[in-house]
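One letter stands for each residue in the lines below.
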Amino acid sequence: MSASSEFKRLGLPEDAVLPQPCSPCMDKLNNRPWHRTLAVTVGDVHIGVRGNTPATSDRLEEMLRALRAPHKDDEVAPNVSVSVGGEVGADARKLALVYRDHEIVARRRDQESLLLDLVELLDEFARLQTAEMPVVHACALLDREGSAFLLPPSAHGSLLTQLPRLEARELTMLSPRIHVLSKTGTHLTSRISDAGLSAVASSMGRNAWPDAPIKLWAVPGTGDGAFPLRPSEGLFGAFASVVTRVTLGAGPTLTMLGGAAEQIRWVGLPALSPAALSQAVVDLAD
Amino acid sequence: VTSQATETTAEPQLHTDTVLRRRPSPEVDWVDVGGQVVAWAEESKSLHLLDPIASLVFLLIDGRTTLGVTADELADSFGTTVGQVEPDVLRFAASLRALAIVEEVR
C-alpha cells in the first residue's frame, strides 16, 4: 500500500485527518443528534466515524477497536455517520443508515448487516490508496452466476432503495463504490484491502469475497433507457472511472481496458428514477 | 479528464507531400479496440475517441509515408479513385493534428 494518494491529491501531510466538505446538506445532517466521533485509521488516513446514540458509539468502539486512533478524536470530522434504531418501539422500525458526509451509502433493516456494510465502506479509503492495481469508482452488482455488473457510481444511491426488487432477481449490490479490478481489468476482486478491516470483517463472520468476472459495464449516457455501446465507446466512457489512472499511467490504463473491452458487454445508462433504473438493471441481467 | 470525440470538420491544411507521425508515449497513449482508436493526449489531459475512418488514417500514419501515398493505399483498399479519397485523408489528418495526437515530420 502506498502513502495516502487522497492526501497527496489534497496536498496535505500524511498525518492529517480527512477533511469534510461544508454544505447545507452536511449542516442539516449535523443538526441531528449525534454521539461522539471516533477517529479510526484506514491505511494512512484518519477518518471520523460517529453514531447516533451512546449504544451505537459503544458498538462502533468495540467493533473498530483495532483501528482506533483516540489521540485524533478531537481532530477528525464526522466523515462517516451511522444511524440505527432503538431496541424497542417505533425507533426499532427505523432503517439503519450509513452516511459518507451527507450522502446515504448504506441502508439496511438490521444493524449487523449495516455494520458489515460499514466495514466495506471504510475499506473504500484503503482502496483509494491503492496505486498499482486498477481501481474503479462504480456501483457493482453480482448476478446469480457470480458475474459482476458495473454501473455509474450515481446508481448506488438510487439502487439502495430498490434492494428487495434486485434481490428478487438474484442480483446482489456490493456495499462499496470503490472496487479493485484484476490487472487484466476483466475481474472484480472485492476482498477487503485494509488488514485491520479484514480482521474486523472476519470477526463478524465474513471471510469469503467474490472474484467476479465482469460481464457488463454501464457507463453514463443520455436518453430514456440503456443502449448498447461498442467496446471502444465503452472504454471511452469507462476511462474516467479508473481512479488509479494517474498512478498506473494513461497508457497502461488504456491497454488494460483495451484488453478487457472485447470480453465485456458495454451499455450506456442515462440518469433514471430509482424504479426505472432497477427495472433497466433487471432487464440487462435477463 | 476532459473527454471529447474527434471533430472531423476541420478545414484541410495539409498537403499530399506532408508526412505525419504519431506523437510518442507518454505525450500520447492510445489503444485500438475493434478498429477504433481511443487516444489520451497528456498535454491537454484529454481522451479522444476516433471514428473508424480517422482511426484508419491514424493507424496508417508512420512517420515516413506521405499523406498522398496513404490516400493511394486507401483508394486501392476501397476500390475507389484517389481523387475521392484524398480530400478525406487530408481532412482527417488535419483533425488528428489539431488534437495534437500526431505531428508533422515534414
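Everything numeric here is computed off the predicted structure, so don't read it as measured data. (Residues numbered from 1 in each chain as written. Chains lettered and ligands numbered in written order. Predicted model: local features only at pLDDT ≥ 70, side-chain atom pairs only at ≥ 80, totals over all residues. Heavy atoms only, no water.)

Asker: So what's going on with unusual backbone geometry? Which residues, and what values?
Answerer: Residues and elements named next belong to chain B. With an omega dihedral of 10°, the bond running from Ser 25 to Pro 26 counts as a cis peptide bond. Tracing the backbone shows Pro 26 in the loop between strand 2 (20–22) and strand 3 (28–33). The phi angle at Lys 45 is positive, at roughly 50°, despite the residue not being glycine. Along the chain, Lys 45 falls in the loop between strand 4 (36–41) and strand 5 (46–49). Even without being glycine, Ala 100 reaches a positive phi, approximately 65°. With respect to the secondary-structure elements, Ala 100 resides in the loop between helix 3 (82–98) and strand 6 (102–104). (Helix = DSSP H or I, 4+ residues; strand = E, 2+ residues; numbered from the N terminus.)

Asker: Please give an account of the pairing of strand 7 (residues 139–142) of chain A that cites residues and values.
Answerer: Residues and elements named next belong to chain A. A two-sided burial pattern is seen for strand 7, the buried positions comprising Cys 139 and Leu 141 on one face and Ala 140 and Leu 142 on the other. Pairing geometry for strand 7 and strand 8 (residues 148–151), over four bridges, is antiparallel. Following the sheet pairing, Ala 140 is matched in strand 8 by Leu 150. Turn length for the strand 7-strand 8 hairpin, with the two strands adjacent in sequence and antiparallel, is five residues, and the turn residue Gly 146 shows positive phi of about 85°. Where strand 7 meets strand 9 (residues 172–173), two bridges bridge the pair, whose relative direction is antiparallel. Note that in strand 9 the partner of Leu 141 across the bridge is Met 173. (Buried < 20%, exposed > 50% of the residue type's maximum accessible area, 1.4 Å probe, protein only. Pairing = 2+ DSSP bridges.)

Asker: Pulling in residues and values, what's your account of the side chain of Ser158(A)?
Answerer: Along the chain, Ser158(A) falls in helix 5 (residues 155–159). Among all residues touching Ser158(A), those that are not within four sequence positions of it are Pro274(A) and Leu277(A). (Contact = heavy atoms within 4.5 Å.)

Asker: Break down a nonpolar patch on the surface for me, citing the residues and quoting the values.
Answerer: Residue and element names in this part refer to chain B. Where nonpolar side chains cluster on the molecular surface, the patch consists of Ile 53, Leu 56 and Phe 78 and spans about 270 Å² of accessible area. Locating Phe 78 in the fold gives a position in helix 2 (residues 67–78). What makes Phe 78 exposed here is its relative accessible area of 52%. (Patch = residues over 30% accessible without salt bridge, like charges linked within 9 Å, V, L, I, M, F, W, Y side chains within 5 Å. Areas by Shrake-Rupley, 256 points an atom, 1.4 Å probe, with all protein chains shown as cover. Salt bridge = Lys/Arg side-chain N within 4 Å of Asp/Glu carboxyl O.)

Asker: Before we move on, could you go through the packing of helix 3 (residues 54–63) of chain A against helix 4 (residues 111–127) of chain A and cite the residues and values that matter?
Answerer: Packed helices, taken two at a time, are described by the angle between their axes plus the distance between the axes. Residue and element names in this part refer to chain A. Orientation of helix 3 relative to helix 4, taken along the N-to-C sense of each, is 50°, at an axis distance of 12 Å. As summarised for this structure, helix 3 and helix 4 are arranged oblique, according to the angle between their axes. The hand of the helix 3/helix 4 crossing is right-handed. In this structure, helix 3 contributes Arg 59, Leu 60 and Met 63 to the contact, and helix 4 contributes Gln 111, Glu 112, Leu 115, Leu 118 and Val 119. (Axes fitted to C-alpha atoms, helices over the stretch in contact; angles between N-to-C directions. Parallel < 35°, antiparallel > 145°, perpendicular 65-115°, else oblique. Left-handed = near helix turned anticlockwise from the far one by under 90°.)

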